[in-house]
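# Residue-level structure breakdown
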Number of protein chains: 6
Amino acid sequence: MASIEELLKNKGISKPKVAKRSDQRLPDEIRPVRITRSYCKHAMGSCLIEVGDTRVICAANVENKVPPHMKNTGSGWVTAEYGMLPSSTNTRMVRESSKGRPQGRTHEIQRLIGRSLRAAVNLQEVGERTIWIDCDVLQADGGTRTASITGAFVALKDALTSLVFQQVIARNPIREQVAAISVGIVDGVPCLDLNYEEDSRADVDMNVVMTGGGSIVEIQGTAEGRVFTREQMNDLVDLAQNGIFELMRLQNAALGTP
Amino acid sequence: MASIEELLKNKGISKPKVAKRSDQRLPDEIRPVRITRSYCKHAMGSCLIEVGDTRVICAANVENKVPPHMKNTGSGWVTAEYGMLPSSTNTRMVRESSKGRPQGRTHEIQRLIGRSLRAAVNLQEVGERTIWIDCDVLQADGGTRTASITGAFVALKDALTSLVFQQVIARNPIREQVAAISVGIVDGVPCLDLNYEEDSRADVDMNVVMTGGGSIVEIQGTAEGRVFTREQMNDLVDLAQNGIFELMRLQNAALGTP
Amino acid sequence: MASIEELLKNKGISKPKVAKRSDQRLPDEIRPVRITRSYCKHAMGSCLIEVGDTRVICAANVENKVPPHMKNTGSGWVTAEYGMLPSSTNTRMVRESSKGRPQGRTHEIQRLIGRSLRAAVNLQEVGERTIWIDCDVLQADGGTRTASITGAFVALKDALTSLVFQQVIARNPIREQVAAISVGIVDGVPCLDLNYEEDSRADVDMNVVMTGGGSIVEIQGTAEGRVFTREQMNDLVDLAQNGIFELMRLQNAALGTP
Amino acid sequence: MASIEELLKNKGISKPKVAKRSDQRLPDEIRPVRITRSYCKHAMGSCLIEVGDTRVICAANVENKVPPHMKNTGSGWVTAEYGMLPSSTNTRMVRESSKGRPQGRTHEIQRLIGRSLRAAVNLQEVGERTIWIDCDVLQADGGTRTASITGAFVALKDALTSLVFQQVIARNPIREQVAAISVGIVDGVPCLDLNYEEDSRADVDMNVVMTGGGSIVEIQGTAEGRVFTREQMNDLVDLAQNGIFELMRLQNAALGTP
Amino acid sequence: MASIEELLKNKGISKPKVAKRSDQRLPDEIRPVRITRSYCKHAMGSCLIEVGDTRVICAANVENKVPPHMKNTGSGWVTAEYGMLPSSTNTRMVRESSKGRPQGRTHEIQRLIGRSLRAAVNLQEVGERTIWIDCDVLQADGGTRTASITGAFVALKDALTSLVFQQVIARNPIREQVAAISVGIVDGVPCLDLNYEEDSRADVDMNVVMTGGGSIVEIQGTAEGRVFTREQMNDLVDLAQNGIFELMRLQNAALGTP
Amino acid sequence: MASIEELLKNKGISKPKVAKRSDQRLPDEIRPVRITRSYCKHAMGSCLIEVGDTRVICAANVENKVPPHMKNTGSGWVTAEYGMLPSSTNTRMVRESSKGRPQGRTHEIQRLIGRSLRAAVNLQEVGERTIWIDCDVLQADGGTRTASITGAFVALKDALTSLVFQQVIARNPIREQVAAISVGIVDGVPCLDLNYEEDSRADVDMNVVMTGGGSIVEIQGTAEGRVFTREQMNDLVDLAQNGIFELMRLQNAALGTP
């Protein structure tokens, strides 16, 4: 995996001035991350994840039934819901319950979180149970969906550990560590972990979900204003991989996993 | 105002054993309260209020228009919305946006919060603006609506101070300090600041909103299972008043008001 | 219980001129009340209650199942719904079905009616049945929610009598007579049974639901514009109690109860 | 127009026994009709129409704007809404506002009422105003949509008279008297003004709306179980016309029209 | 049955100039019709019906259960849904799913299609199954509801034939051929099979559904702007019958029925 | 760009037997494609695109206003809606309008189509107009979202050409050709243009949208059951690029572009 400096040198781009990023970070630097485990008294697993000013509560709860399409398969299910507090955004957001339904963006995000977490788990070993993942954004400053996935992995692992502890299941069905980060091209420079201000003016916006082994769970890259080349795509995935491995060290620290 | 001991003595009831309250509190004791001011980066005023295990984010934002019924009156408006995170409750709550609409209970609570806060403010001095109060429950252990009012007062005052600071309005239109608490009759004993377990088995449940001068803004008393006498009603209001005055000292401490 | 004259004299307020109330009533006088029993051919119990120009159809029907939270408790349930005809109000009201959902006020009122009626009944003796109370306002002139409760008691009692008559249950599970009235402070004077015009300009608005024994089922007092003292609170409850006892005599007359 | 006896004789059918109709009526007899004018204090025009046990409140109100498709045409609009109280039907009906939207049947009926009333009025003379017709069924025993039209005509005429009286418009824009009735084939016999029991087992069900001059405003005939011939269609329209003319006499009596 | 020429002559109206109809048709002429059977790979029966520029996909599918009101009757059910593509109309139509619910017109039409098709079938012989008819308008140029019925008959017959072929039922439960057409009075002349332009300015608009034996399944005649006489009603039904018989020949040709 | 044979050889995988794909295609072969331009009489631009058994109507219409977030920017907007006919799928799909709202999947797809088409256009040159793209699936057999994008490009270009022709805008604001295709790993083999059966059992599912210059507009790769490596990701994008270039030749043929 190449560092950002190598990437830029290879392409004949001199390293961007630090001042380029509004919060003084280097292009390949993630924001400070804090994971407060067991944040919710009532959930089976939970954490508060803070990535810079982005702040998300992730909670995992277990229900003893599965959705219709999984019935009688012997297998479990992981599903996610995502919400933002009205006061979490720059200008107050209208509450989704007032509008009568979740917006398209919400649907898109909760489907992404669900798929990503399902890749982390051996659903067969979960048994006929649904694990509900709730990701609620208290404060938004970019990267709320990737922070949700990274935090939700911690909540999910704790909920499953709890099921083992209660002797409901024999062993923890987690089979892959999963974390996620956003990358993008801002002012022509590939950057890691965009904050809101950067995200708003990025030409390309990409979210990457990976396993501990470096395999891809999900990649979603979108041209916002400017299309991108195959080469740029690969540079962005390189950057993302570095960031994700760093997040995984922090997940492990929070979970007390060696 | 009589203390709980006097109240009980007058009625020939010997003081209940401490063990009566599940969390070892005396009947006239409130739970530990913590108010973290300016909890939300994007809101004009905000706090995180914790009352025992109940935890609510209160945020106040200003919009430069008023609802239809206030148009061209020169006067402002204060309105509130209330929500609970799915993971905030004992057993996971279905998200209101999934159900397509807020429940009756939610409507009832946000109308109560709105009325209570409007009593705190000279709406004429706010000018043709709406102040949106968002109270979002991160964790619920009884008394979420009264904690919302108590916290929202802090958020509201800060938002208005900010308007004065920005020279949008000439002076702070707060005219009354407002706080709220719940009381109830549990196992025959009038108790202050019920937690969830007590609230579930209370015979009478009452929410009281008062001003700094001890006047009533709102009183809502409900017989749950057992009706109550005029005398019991007055005992409960006595208890509530003591609790509210204590909360007001804590609001002032958080706000730095002497 | 003090009469309004005594109350005013005690406070050094000379008796208000009759002209103070738009319809010539004394402050402690209720409006003419008419209860037409069995108004609805299809309901198990019903009445049309008229309180001044306020006109509400109250109907009670029995369903042979209970809501999920009451299942397998052996106990019954009483639930209420409330609606207003579009033509019932001063200016035509938009139909709630057109707006896609009941408003907050509607929810608040139907929850109040349900709680009040449940206090009247021994739910255990009802058995696993739900009694649906429908209160539909044909014409609104203030006090529609309290008229609904007062009328619904008549409908409920008749529906239960009918169950006894059909030998579905052994004896009538009514354990308390219940009625309700509104009181308020208008132009500084505590008044009983406010009409719409008075309600609109009242400083304090209170709804009281009581049992035949004078115990409180529900008290909801709200400062509209001006907060109120403990003393005023008690004066208002006194007034309400007198009014409620008068309504109970009328309920009994309609029901043919001695 | 042939009487029912002639109709039957022409077809070689001997006159059906009176016992054929559950309420002892002759096949060509309408139910007792009562129209109570000005039933609603707040509406510009209104009546309570009772046709047998069917009971509908019809109210007309005027709004000083027109729907988008009529803007800047100089012409007015008449629109209708229809609702049933939950307690109006045989078995309690679920409230439409609880279901989140009006049912198909409701839409069908309110469109029919609207079209029928528009045929009665010179919309150009109404000016850019919308007349809202509300038909709310207090009790249903068949023929609620036709009773709604017949009653709504009275409410509409009174509302327009009131506009003339207030000098808002120069003269009453009613140009045709309009009334409606249902007919059907029950047990092989064409019958007028079906009640609920007859309607449920009719082979053919037809609603006819006519003007005072005997022209057709709307005809809706539906085979329920058995299709019908051209001849039967004409027999039913004959019956309907007789009934409608009788209803028009009753409308005129209520309105004091000679 | 009289031809249009006879009809006009009898009434002393000279035959209208061909130019009267925007597409050069004679008053009693239907538009070119094309029925493409088995248009949908996944449906049990289906066709694309084109009537002039009106283009509707009709599909029939079978579900092995019946709606609640048909349970345990041994009988089946036929129900229909109708939709229009946003791009099917003159000016783009807002998608019904975006508006959160089908409009009144949609409800009215799907109820009409369902009733008409039920008249074609012996529901008892269908057994406890629901046949879902979907009529989706790809392009609209008048007469979409009648084209839907005519096409749906073909889809329905094929679906039932398929059930016989699969030996699910013993014999085809079709008992009547059913087709439908619109007629109307345009510029004073009764016309058959109105296109959109004619429909928009017709004084009277009528939809007729008939069986192969010439009996009426449904007749819906509406005065748009001008009321109509009994005589005009009968002239229109004459015209409709001629058109329906022609459509039935085309249905039979498509189905390969002699 | 490597062909599939080279790709497989490089990885030491012998070419899969033709029988691997259910429809006899080679892994790098697309299905037969047919584009019928101007399919909708009422739309400004439209086509019916058929990709194997997948059949989608794409229509483009122009509205003379922009959504709120684009107001006063001088720039235009392109937005897309996507729907499936109930009869388009294997087992009949419930109509979204009946469910009261579009599902998450629908939102996800319409947002993807909209973003992809916006990349094709210079929005500034469109002026303050919204181009509505409607993609309606008549028959679904995999790849409906990518067929929608490919077809919508044709409809969009025609609608814009029409605006130029009407002299509404000076020149065609299309700046990039855009097409899309799905790829996936089926039975361990990277395959191009999956049909429904393949899509259901694919381990990895990827949708790629590209410009004529081979730049990426959107890439969405999802692990379904099995995660994928960086190398596999690149193989899939290679395959997609070949397929997209073939689709662009077909778009050009349909549009008559050299």
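First things first, this report covers the structure right here in the doc. (Residues numbered from 1 in each chain as written. Chains lettered and ligands numbered in written order. Predicted model: local features only at pLDDT ≥ 70, side-chain atom pairs only at ≥ 80, totals over all residues. Heavy atoms only, no water.)

### Observations regarding the relation of the copies chain C and chain B
Stated precisely, the cut-off is as follows: Superposing the copies works by least squares over the C-alpha atoms of residues that have pLDDT at least 70 in both of them. Only heavy atoms enter the contact rule, under which two residues are in contact if any of them lie within 4.5 Å.
Mapping chain C onto chain B calls for a rotation angle of 180 degrees and an axial translation of 0.0 Å; the resulting RMSD is 0.0 Å. Accordingly, the operation relating the two chain copies is best matched by a two-fold axis. Considering only C-alpha atoms, the residue of chain C closest to the rotation axis is C:Gln220, which sits at 2.2 Å. In this assembly, 97% of the residues forming the interface of chain C have copies in chain B that are likewise at the interface, indicating an isologous arrangement.

### Topic: the sheet that holds strand β1 (residues 33-37) of chain E
Strand pairing in a sheet relies on backbone hydrogen bonds. The paired strands run either parallel or antiparallel. All names here are of chain E. Rule in force here: Each pair of strands is called paired provided DSSP finds at least two bridges between the two strands. Runs of H or I in DSSP of at least four residues are treated as helices and runs of E of at least two as strands, each being numbered from the N terminus. In this description, a line fitted to the C-alpha atoms serves as the axis of each element, helices being fitted only across the stretch in contact, and the angle between N-to-C directions of two axes falls anywhere from 0 to 180 degrees.
Taking strand neighbours across the sheet as the criterion, the five strands line up as β1-β2-β3-β5-β4 in an open arrangement whose pairing is mixed. Edge positions in the sheet fall to β1 and β4 (77-84), since each of these pairs with one other strand and no more. When the angles between neighbouring strand axes are averaged without regard to direction, this sheet yields 15 degrees. Looking at chain direction, strand β2 (residues 45-51) and strand β3 (residues 54-63) are connected through seven bridges and run antiparallel. Paired with Leu48 across the bridge in β3 is Ile57. Docked against the sheet, helix α5 (residues 144-165) engages β1, β2, β3, β4 and β5 (130-139), running at close to 35 degrees with respect to β3.

### Regarding the interface of chain C and chain B
Just so we agree on the cut-off: Buried area, as used here, totals the accessible surface that two parts lose on assembly, with accessibility defined by a 1.4 Å probe and the loss added over both. Each salt bridge in this description consists of a side-chain nitrogen of Lys or Arg and a carboxyl oxygen of Asp or Glu lying within 4 Å of one another. Only Asp, Glu, Lys and Arg are considered charged in this grouping, and only Ala, Val, Leu, Ile, Met, Phe, Trp, Tyr, Cys and Pro are considered nonpolar; every other residue, Gly among them, is considered polar.
Every contact between the two is made by 33 residues of chain C and, on the other side, 32 residues of chain B. Taking both sides of the interface into account, the surface hidden between chain C and chain B amounts to around 2,800 Å²; carbon and sulfur atoms contribute 49%. Area buried by chain C at its contact with chain B is led by C:Glu108, C:Ile216 and C:Arg230, which between them contribute 22% of it. Linking chain C to chain B there are four salt bridges. In this structure, C:Glu108 engages B:Arg111 in a salt bridge whose closest nitrogen and oxygen atoms are separated by 2.6 Å. Elements supplying a minimum of two residues to the side of chain C that touches chain B: α3 (104-118), β8 (204-211), β9 (216-223) and α7 (230-255) of chain C. The residue makeup of the side of chain C that touches chain B, split by class, is 11 nonpolar, 12 polar and 10 charged.

### Structural notes on helix α5 (residues 144-165) of chain F
Cut-off, in case you're wondering: The span one expects for a helix is its residue count, reduced by one, times 1.5 Å.
An ideal rise of 1.5 Å per residue puts 32 Å on 22 residues; α5(F) measures up with 31 Å between its terminal C-alpha atoms. Phi turns positive, to about 60 degrees, at F:Gln167, one or two residues after α5(F).

### Comments concerning the interface of chain F and chain A
A common way to state how big an interface is: give the accessible area lost once the parts meet. The cut-off we apply is this: Definition of a polar contact: a pair of N or O atoms within 3.5 Å, with one able to donate and the other able to accept a hydrogen when the atoms are protein atoms, and with sequence-neighbouring residues admitted only if both atoms are side-chain atoms.
Listed as interface residues are 33 residues of chain F and, on the opposing side, 33 residues of chain A. Summing the contributions of chain F and of chain A, the shared interface buries around 2,800 Å²; its carbon and sulfur component is 50%. Across the contact surface, chain F and chain A share four salt bridges. Viewed at the interface, chain A and chain F are joined by 15 residue pairs in polar contact (both at pLDDT 80 or more). Contributions of two or more residues to the side of chain F that touches chain A are made by α3 (104-118), β8 (204-211), β9 (216-223) and α7 (230-255) of chain F. If you tally residues by element for the side of chain F that touches chain A, the top one is β9(F), at eight residues. With five bridges connecting them, strand β9 (residues 216-223) of chain A and β9(F) associate as antiparallel partners. Its bridge partner being in β9(F), A:Gly221 is matched across the sheet by F:Ile219.

### So, the packing of aromatic side chains
Let me state the cut-off plainly: We call Phe, Tyr and Trp rings a pair once their centres come within 6.5 Å, taking the six-membered ring for Trp, and we label the pair stacked below 30 degrees between planes, edge-to-face above 60, and tilted otherwise. We call a charge positioned above a ring when the Lys NZ or Arg CZ atom is no farther than 6 Å from the ring centre and deviates by at most 35 degrees from the ring normal.
Scanning all chains against the criterion turns up zero aromatic pairs over all chains. We note A:Arg55 situated over the ring of B:Tyr39; from NZ or CZ to the ring centre the distance is 4.4 Å.

### Remarks on the nonpolar core
To be explicit about the condition: In this text, buried Ala, Val, Leu, Ile, Met, Phe, Trp, Tyr and Cys residues form a nonpolar core when linked through side-chain atoms within 4.5 Å. When accessible area is computed with a 1.4 Å probe and restricted to protein chains, residues below 20% of their type maximum are described as buried, those above 50% as exposed, and intermediate ones as partly exposed.
Of all hydrophobic cores here, the largest spans 140 residues; its most connected members are B:Ile133 and C:Ile133. Here C:Ile133 is in contact with C:Ala59, C:Ala60, C:Val78, C:Thr79, C:Ala80, C:Glu81, C:Ile113, C:Ala152 and C:Leu156, once residues within four sequence places are set aside. Grouped together as the second largest cluster of nonpolar side chains are 92 residues, A:Leu236, F:Met93, F:Ile133 and F:Val183 included.

### Description of the sheet that holds strand β5 (residues 130-139) of chain A
All names here are of chain A. The sheet built from five strands is open, its strands ordered β1-β2-β3-β5-β4 with mixed pairing. The open sheet has two edge strands with one neighbour each: β1 (33-37) and β4 (77-84). Neighbour-to-neighbour, the strand axes of the sheet open up by a mean angle of 15 degrees, direction not taken into account. One ladder, built from nine bridges, connects strand β3 (residues 54-63) with β5; its direction is antiparallel. By the bridge assignment for β5, Ile57 is matched with Asp136. This element, helix α3 (residues 104-118), spans β4 and β5 of the sheet and lies at about 145 degrees to β4. Along the sheet, helix α5 (residues 144-165) makes contact with β1, β2 (45-51), β3, β4 and β5, crossing β3 at roughly 35 degrees.

### Thoughts on the packing of helix α5 (residues 144-165) of chain C against α7(C)
Residue and element names in this part refer to chain C. Let me state the cut-off plainly: Definitions for this section: a left-handed crossing has its near helix turned counterclockwise from the far helix by less than a right angle. A right-handed crossing has that turn clockwise.
Where α5 contacts α7, the two axes come as close as 10 Å, and the packing angle between them is 30 degrees. As α5 packs across α7, the resulting crossing turns out to be right-handed. From α5, Thr150, Phe153, Val154, Lys157 and Asp158 reach across to α7, where they touch Leu247, Gln251 and Leu255. When the residues that make up the contact of α5 with α7 are grouped by side-chain class, the tally is four nonpolar, two polar and two charged.

### Section: the packing of helix α3 (residues 104-118) of chain D against helix α5 (residues 144-165) of chain D
Residues and elements named next belong to chain D. Quick reminder of the rule: Small angles under 35 degrees read as roughly parallel and large ones over 145 as roughly antiparallel, with 65 to 115 read as roughly perpendicular and the rest as oblique.
One way to put it is that α3 packs onto α5 with a least axis distance of 10 Å and a crossing angle of 40 degrees. Looking at the two axes, α3 sits oblique to α5. Crossing handedness for the pair α3 and α5: right-handed. When α3 is examined against α5, the residues Arg105, Glu108, Ile109, Leu112, Ile113, Ser116 and Leu117 are found in contact with a partner set consisting of Thr144, Arg145, Ser148, Ile149, Ala152, Phe153 and Leu156. A class-by-class count of the residues in the contact of α3 with α5 yields eight nonpolar, three polar and three charged.

### A short note on the side chain of A:Glu198
Among the structural elements, A:Glu198 can be located in helix α6 (residues 196-201). A:Glu198 has contacts with A:Arg21, A:Ser22, A:Arg25, A:Val186 and A:Asp193, leaving out every residue within four places of it along the chain.

### As for the pattern of salt bridges
Inspection of the entire model under this criterion finds 138 salt bridges over all chains. A salt bridge links D:Glu81 to C:Arg92, with the shortest nitrogen-to-oxygen separation between them at 3.0 Å. Taken together, the residues D:Glu81 in strand β4 (residues 77-84) and C:Arg92 in the loop between β4 (77-84) and α2 (96-99) connect one chain to another. One salt bridge connects E:Arg226 with E:Asp203, and the closest N-O pair in it is separated by 3.8 Å. Of this pair, E:Arg226 sits in the loop between β9 (216-223) and α7 (230-255) while E:Asp203 sits in the loop between α6 (196-201) and β8 (204-211); the two residues are 23 residues apart in sequence, bridging distant segments of the chain. A relative accessible area of 17% means that E:Asp203 is categorised as buried.

### Regarding the pairing of strand β2 (residues 45-51) of chain D
Side-chain direction in a regular strand flips from residue to residue, so the side chains alternate between the two faces of the sheet. All names here are of chain D. β2 sits mainly inside the fold: seven of its seven residues count as buried. With burial as the criterion, each face of β2 is covered, one bearing Gly45, Cys47, Ile49 and Val51 and the other bearing Ser46, Leu48 and Glu50. With five bridges joining them, strand β1 (residues 33-37) and β2 adopt antiparallel strand pairing. In the strand pairing of β2, Thr36 is matched with Leu48. Following β2, the chain reverses through two residues before pairing antiparallel with strand β3 (residues 54-63); Gly52 in that reversal takes a positive phi of roughly 60 degrees.

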